[in-house]
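Spelled out from the first residue to the last, the chains are:
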Amino acid sequence: MDEILWIIIGVLLLSIILSNINQLREDNKRTNKILVKIAKEMGLIPEPSVNEEIKSLILDGKKIKAIKMYRESTGLGLVDAKRDIDLLSEKLKNQEI
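Reading the values: rules and limits
Residues numbered from 1 in each chain as written. Predicted model: local features only at pLDDT ≥ 70, side-chain atom pairs only at ≥ 80, totals over all residues. Heavy atoms only, no water. Helix = DSSP H or I, 4+ residues; strand = E, 2+ residues; numbered from the N terminus. Buried < 20%, exposed > 50% of the residue type's maximum accessible area, 1.4 Å probe, protein only. Polar contact = N/O pair within 3.5 Å; in protein donor to acceptor, adjacent residues only side chain to side chain. Contact = heavy atoms within 4.5 Å. Salt bridge = Lys/Arg side-chain N within 4 Å of Asp/Glu carboxyl O.

Trainee: Just checking my understanding: could you explain the side chain of aspartate 84 for this structure?
Mentor: Assignment of secondary structure puts aspartate 84 in helix H4 (residues 78–96). Residue classification places aspartate 84 among the buried positions, given a relative accessible area of 19%. In terms of polar contacts, aspartate 84 uses its side chain to reach the side chain of tyrosine 70, at 2.9 Å. Leave out the neighbours within four places in its chain, and aspartate 84 touches Tyr70 and Leu76.

Listed below in structure tokens is the structure:
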């Protein structure tokens, strides 16, 4: 019976710790978004430009390489870089038609 009580206490403590970690992550994301917005408003972060090599990779169907190169040049995360490359890909397809 004593072991079950310790297991329950351990699980509760672990869930509290994980909850706090998730809250800190969300706070960190929110703070980073605000800082990026402030930096853009002040002109400290220029909008990322897409070079011809990335466009060429997209047109050749090498989106993964394009995303990787875009991430390296902009410092964006995977989700944001993929979103931008997908948008660029759609724009490029519409121009070809």
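Trainee: Quick question: what am I supposed to make of the pattern of salt bridges here?
Mentor: Side chains carrying opposite charge are able to pair once their charged atoms draw close together. All chains considered together, the criterion is met by seven salt bridges. The partner of arginine 83 in a salt bridge is aspartate 80, with the nearest N and O atoms 3.0 Å apart. With arginine 83 and aspartate 80 both in helix H4 and three residues apart, this pair spans about one turn of that helix. Under the relative-accessibility criterion, arginine 83 is labelled partly exposed at 44%. Of the residues examined, aspartate 80 reaches a relative accessible area of 32% and is grouped as partly exposed. Between arginine 83 and aspartate 84 there is a salt bridge, with the nearest N and O atoms lying 3.1 Å from each other.

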